[in-house]
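Coordinate inspection notes
Below, each chain spelled out in residue letters.
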Amino acid sequence: MNDLEYNFWKRRISRRGFLASLGTLIFSAPFARHAFSKTPDEPSLVYFTRDISPQGVKSLLPLVKNKLHGNIGLKVHFGEEGNTNFISPELVRPAAEAFKATLVETNVLYVSKRRYTESHIKLAKEHGFDFAPIDILDAGGDKFIPAKTKHFSEVRIGKNFDNYDSFLVMSHFKGHMLSGFGGAIKNISMGFASVAGKMAMHASTVPRTSPDKCILCRECEKQCPGDAITLEPVRIDPAKCIGCGKCIGVCPVQVYDVPWSSTASPVVVERLCEYAQVISSLRPMTYINVLAKISKDCDCMSGAHAPFVNDIGIAASHDIVALEKASFDMVNKKLGIKDAFLKVNNVSGRPQLRYAESIGLGAASYKLIDIS
Ligand code: SF4
Ligand code: SF4
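What comes next concerns the included structure. (Residues numbered from 1 in each chain as written. Chains lettered and ligands numbered in written order. Predicted model: local features only at pLDDT ≥ 70, side-chain atom pairs only at ≥ 80, totals over all residues.)

Observations concerning the site of ligand 1
- Taken together, 15 residues form the shell around ligand 1, and within it Cys224, Gly226, Cys241, Cys244 and Cys247 come nearest.
- Looking at the shell around ligand 1 residue by residue, the classes come out as 11 nonpolar, 3 polar and 1 charged. (Near = placed C-beta within 6 Å. Nonpolar A, V, L, I, M, F, W, Y, C, P; charged D, E, K, R; others polar.)

As structure tokens, then:
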């Protein structure tokens, strides 16, 4: 038993009494052995329960908690206004309470309540995430991390990332129009990225403009850090623009917009995986995917599409790629087809899994352990 295991059981024994802990120890010992050790040749372990309830989450936590220590951030997605498919706060609450965790998120790239810290936190609370502190990681700015990947020489994340020692990443597994599916990889790549980081993954050029809308308030000109904007008419100098995305958020009449179609789906997928790889190397992280209300679109959409498959369960793993592959397989199995996301979104989920594994983010081979 290593120090982490020792401390885990010591805390449980002091808190709940010896007999209760002995029972849990006997029950979970076969799982705990796998959770705490794995040789390179073994498939990664993915724990699964059909029980989509707070109790289901509680049953998974001891199996994947050994990476978590210190000040713990619980990465979630609070759901866009009008969306109802995001993870139920009742499933997040047990993890937040067990680890005294802070709910962490970043502001989004496009204009919505989730673009601005104050309205983002207000919306989160309206959506039921009112049981733990909330930290919008890029509220105080961003932080550039040097990188050497195919697409990036740096990744841009929320500055407050540094306040945490480890992260539990709880993700809603569902479809996504650009990457086929969106799960844990997307939750840590887009989800920890600052606005500028999101812009770097999504766009290959400067923001789009609709100059005719301009009311000449001059806010964009004042706030552009690249001194790239000239007015009358509105124009961005591509040689000066650093892709921070600030103009999109400050303009009161939405002259600026994200050039979504400037980057093809395969490139966005590679960029997501590379951001996830760099970010996951910065702190210990462990992952839980909730396979419920699985819609074709992500939770950033203001309307919620009806699920295209019945609810499946909750899965957890230390290996993000194994977890995503297991989630992908379970959706396909439930529908009896080979690639559900290709069918509903016309974008296969397989390139994301293949690229993630090829850059060493994790291993797609896994063993599913059903604890239901
Ligand atoms: S994206 Fe940033 S640098 Fe580029 S024009 Fe907008 S505010 Fe300026
Ligand atoms: S912020 Fe928008 S409205 Fe104001 S000057 Fe810039 S483009 Fe025009």
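Still more ground to cover, so stick around.
Looking at unusual backbone geometry
- Residues glutamate 232 and proline 233 are joined by a peptide bond in cis, for which omega reads 0 degrees.
- Residue placement: proline 233 occurs in the loop between β11 (229–230) and β12 (235–236).
- Positive phi outside glycine occurs at leucine 216, with the angle close to 55 degrees.
- By the secondary structure assignment, leucine 216 is in the loop between β10 (208–209) and α8 (219–223).
- Within the chain, glutamine 254 stands out as a residue other than glycine whose phi angle is a positive 55 degrees.
- Structurally, glutamine 254 is set in the loop between α9 (246–250) and β13 (256–257). (Helix = DSSP H or I, 4+ residues; strand = E, 2+ residues; numbered from the N terminus.)

Description of the sheet that holds strand β4 (residues 134–136)
- Strand order in the open sheet made by the 8 strands is β4-β3-β2-β7-β14-β15-β1-β16, with mixed pairing throughout. Each edge of the open sheet is held by one strand with a lone partner, namely β4 and β16 (366–370). Going from strand to strand, the sheet's axes swing by 25 degrees on average, the running direction of each strand aside.
- Two strands pair when backbone bridges link them, and strand β3 (residues 102–105) and β4 are joined in this way by 3 bridges, in the parallel orientation. By the bridge assignment, leucine 103 is partnered in β4 with isoleucine 134.
- Along the sheet face, helix α11 (residues 320–335) touches β1 (44–49), β14 (285–291), β15 (313–317) and β16 and points at about 10 degrees away from the line of β14. (Pairing = 2+ DSSP bridges. Axes fitted to C-alpha atoms, helices over the stretch in contact; angles between N-to-C directions. Contact = placed C-beta atoms within 7 Å.)

Considerations on the site of ligand 2
- Near ligand 2, the surroundings consist of 13 residues, among which Cys214, Cys217, Cys220, Cys251 and Val255 are the closest.
- Across the shell around ligand 2, the residue classes tally to 11 nonpolar, no polar and 2 charged.

Remarks on the environment of cysteine 298
- Mapped onto the elements of the fold, cysteine 298 is located in the loop between β14 and β15.
- For the pair cysteine 298 and lysine 174, spaced 124 residues apart in sequence, the C-alpha to C-alpha distance is 6.4 Å.
- In contact with cysteine 298, not counting residues within four places along its chain, are Lys174, His176 and Gly182.

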